[in-house]
Amino acid sequence: MASEAERPVQAGITRKLTEHFQPHHLDIVNESFMHKVPKGSELHFRVVVVSDKFQDKPVIQRHRMVNEVLQEELKNIIALSISAKTPDQWQDSDQKVGKSPACRGGAFL
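- Labelled according to an unreviewed UniProt entry, the protein chain appears under the name BolA-like protein 2, originating from Ridgeia piscesae.
- UniProt, in the comment section headed Sequence similarities (unreviewed entry), describes the protein chain in these words: "Belongs to the BolA/IbaG family."

**Regarding the packing of helix α1 (residues 8–21) against helix α2 (residues 59–69)**
Here is step 1 of the chain: Interaxial distance between α1 and α2 falls to 10 Å at its minimum, and their mutual angle equals 125°. Between α1 and α2, the crossing angle belongs to the class labelled oblique. In this structure, α1 meets α2 at a crossing whose hand is right-handed. Packed against α1, whose contacting residues are Lys16, Leu17, His20 and Phe21, the element α2 presents Met65, Val66 and Val69 at the interface.
Here is step 2 of the chain: By residue class, the composition of the contact of α1 with α2 is five nonpolar, one polar and one charged.

Thresholds applied
- Position numbers for residues start from 1 in each chain and track the written sequence from start to end.
- Per-residue local features of the predicted model are confined to residues with pLDDT of at least 70, and side-chain atom pairs are confined, for both listing and counting, to 80 or more; whole-chain, interface and lining totals are unaffected and use all residues.
- Side-chain descriptors were evaluated using all non-hydrogen atoms of the structure, hydrogens and water having been removed beforehand.
- UniProt positions are given in the numbering used here, feature names are shortened, and annotations may be inferred rather than shown by experiment.
- Angular values range over 0 to 180 degrees, each being the angle between N-to-C directions of two axes fitted as lines to C-alpha atoms, with helices fitted over their stretch in contact.
- The numbering of helices and of strands both runs from the N terminus, where a helix is a DSSP run of H or I of at least 4 residues and a strand a run of E of at least 2.
- Should an angle fall under 35 degrees it is called roughly parallel, over 145 degrees roughly antiparallel, and 65 to 115 degrees roughly perpendicular, with every other angle called oblique.
- For a crossing to be left-handed, the near helix must be turned anticlockwise from the far one by less than a right angle; the clockwise case is right-handed.
- Should any heavy atoms of two residues lie within 4.5 Å, those residues are counted as being in contact.
- Residue type decides the class: Asp, Glu, Lys and Arg count as charged, Ala, Val, Leu, Ile, Met, Phe, Trp, Tyr, Cys and Pro as nonpolar, and the leftover types, Gly among them, as polar.

Dropping the structure here:
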């Protein structure tokens, strides 16, 4: 398993989302390997965050909340897929998030 020093962007995302949302559930997946970027890149992420702070908020506001918390990280990543749910929504779901689409080509670097 890679250390935080080897994956500083993912570690920062984890720390900030944990501190701000006190999530019931949190997944951060580096999906950079699915794209045409150098090995070990931290440029494409999928996050699943389940928090009471999303209660009574529409999906777009939840995404804005996450984007605001991660504004520094967003300067250095290409893509961020967000699934932001309340604990009740998470409990009522199958507790899975669908696969991300395959890379459609093109290189960033």
